Amino acid sequence: MPEKSFAKIAEPFVCGGSAATFASCVIHPMDLAKVRMQLFGQLNPGKKPPGFSTILTNMVKSDGIMSVYQGVDAAIGRQLVYGTARIGLHRAFSDKLKEINDGKPINFGMKTISGMASGSIAVCIGTPFDIALVRLQSDSMAPVAERKNYGNVFNALTRTAKEEGVGALYKGLAPNILRGMAMNVGMLACYDQAKETVGKLLGDPMTDGPALTTQIGASCVAGFTAALFSMPFDLIKSRLMAQKPDPTTGKMQYGGVADCAMQVMKKEGPIGFFGGFSAYYGRCAPHAMIILLSIESITKGYRNVLGLN
C-alpha cells in the first residue's frame, strides 16, 4: 500500500524527532546552564566560571523555578527540525549504505560518513532555531540596558532578522556544521559501534535486538564521545551566536571561527575550549541515553499504530 510505504519511509524521521524533542525537554535546564558557563568567560574575562548547579540554584532563587526553562520553546522548535533531520537522515543513509554493501553490516568508516553527512545537512536546516535558543538563554546575562527581552522563539527569530538581517540567523554556521558532524559521529556512529562491543562484553547475543543493559552501556559511551568530539565546536558556536556589535565601534568581537578560536586560546588557554564540560557532558549523556532508549519504544508504538512489520 502506498500509505504504508510512505509511513515506513517517514518512520526514522517521526520517531527520531519525537525522541529528540522529548529528551530536549527533559535536559533543558542542563543545556541552559551549559550555555551560561560557556559565555561566562566572554562576559567576565579572567574570572572562574561557576558550576552548573550554582548557576541553576541562583536562577531559581532570583527568578523562580520556571527560569530554568527559559528558551524551551526554541529548544523544542530546534529539535523538531534539527533532531528530526539528523536522526532520520542518519538512519536513511545507513540503510542505503547497507543496501550498497549487499545487506551486510557496515563498518565504522561508513557509519562515520553517514553521521557526518546527516549532521551537516541537519545543521543547515536547523541553525536559525539554534540562534534563537542561544539568544533566549543568554539575554538575561547581559547588562539590563543591553537586553533584548525576547518574548518567545518566534519573536527572537523575527527581531534578529529585522534588526540584524536574515544572515544573522545563520551566524556561526561553520562551527555549527562542524559541531553537528562531530556530534552525530560521537553519538550515533559511536553508539552503533559501542552496541557491538558492549554486547560482546556482557555476553548479549542480540538475536532479538540489544538487551536493555547493552543499550544503557552503549548510550553512556555515546554520550561521552559526543561531548568530547563536539565540545570545542559547541563553545565557538555559542560565542559567535551570542556576540553583538560593540555599542561604540559597531564591530563584532569575533571575526569568524578562526579568530574566535585564537582569542579563546590566547585569553583562556586550551582548557578554555572545554569550559562548562561538566554541564555539557551532564547534558549530552542523559540526552543521548533518553533519545537512544526512548526511540525504541516510540518506534514500536509507531509500527503498532500504523500496522507496520
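Because the structure is predicted, anything quoted here is derived from the model rather than measured.

(A) Spatial organisation of the overall build of the chain. Secondary structure summary: the chain contains nine helices and zero strands in total. For the chain, the C-alpha radius of gyration of 20 Å lies close to 19 Å, the compact-globule estimate for 309 residues. Along the first, second and third principal axes, the C-alpha set of the chain runs to 65 × 40 × 40 Å. Relative to its 309 residues, the chain shows a buried fraction of 49%. Long-range contacts, defined here as pairs at least 24 residues apart, represent 77% of the contacts in the chain between residues at least 6 apart. Of the charged side chains in the chain, 32 are positive and 22 negative, and the gap between their average positions amounts to 4 Å.

(B) Molecular detail of helix H9 (residues 277-306). For H9, built from 30 residues, the straight-helix expectation of 44 Å at 1.5 Å per residue is met to within 8% by its first-to-last C-alpha distance of 41 Å. The principal kink in H9, of about 30°, is found at Ile 295. A positive backbone phi angle near 70° is found at Gly 307, which sits one or two residues after H9.

(C) Expanded view of the pattern of salt bridges. With the rule as written, the count across this model stands at ten salt bridges. Its salt-bridge partner being Lys 96, residue Glu 99 comes within 3.5 Å of it at the nearest N-O pair. Of the two residues, Glu 99 and Lys 96 both sit in helix H3 (residues 72-100), three residues apart, roughly one turn of that helix. Under the relative-accessibility criterion, Glu 99 is labelled exposed at 55%. Where Arg 135 meets Glu 164, a salt bridge forms, and the shortest distance between an N and an O atom there is 3.0 Å. On the criterion of sequence distance, the pair formed by Arg 135 in helix H4 (residues 108-138) and Glu 164 in helix H5 (residues 153-164) is long-range, its members being 29 residues apart. The network of salt bridges with common partners includes Lys 8, Glu 11 and Arg 303.

(D) Seen up close, helix H2 (residues 52-63). For H2, built from twelve residues, the straight-helix expectation of 16 Å at 1.5 Å per residue is met to within 8% by its first-to-last C-alpha distance of 16 Å. For H2, every residue scored as buried is listed here: Ile 55, Leu 56 and Met 59. Projection of H2 onto a plane perpendicular to its axis shows the buried side chains occupying an angular sector of 90°, all on one side. Residue Gly 64 follows H2 closely and has a positive phi angle near 95°.

Here is what the cut-offs are and how they apply
Each chain has its residues counted from 1, running along the sequence as written. A pLDDT threshold of at least 70 governs which residues receive local features in this predicted model, and a stricter bar of 80 or more applies before side-chain atom pairs are shown or counted, although totals over entire chains, interfaces and linings include all residues. Only hydrogens and water are removed before side-chain values are computed, so all heavy atoms of the structure are retained for them. For helices the rule is a DSSP run of H or I covering at least 4 residues; for strands it is a run of E covering at least 2, with both sets numbered from the N terminus onward. All radius of gyration figures rest on C-alpha atoms, and the globule criterion is 2.2 Å times the number of residues raised to 0.38. Each residue is assigned to one of three classes by its accessible area relative to the maximum for its type, calculated with a 1.4 Å probe on protein chains only: buried under 20%, partly exposed between the two thresholds, exposed over 50%. Any two residues whose heavy atoms approach within 4.5 Å are treated as being in contact. Neither His nor the chain ends is counted toward charge; the positive residues are Lys and Arg and the negative residues Asp and Glu. Every charge is mapped onto a representative atom, which is NZ of Lys, CZ of Arg, CG of Asp or CD of Glu. For a helix, the expected span equals 1.5 Å multiplied by the number of residues minus one. Consider a residue and the seven residues that end there alongside the seven that start there; fitting an axis to each set, the bend is the angle between those axes. Between Lys or Arg on one side and Asp or Glu on the other, a salt bridge is scored when a side-chain nitrogen of the former is within 4 Å of a carboxyl oxygen of the latter. This arc describes the spread of directions from the helix axis toward the C-beta atoms.

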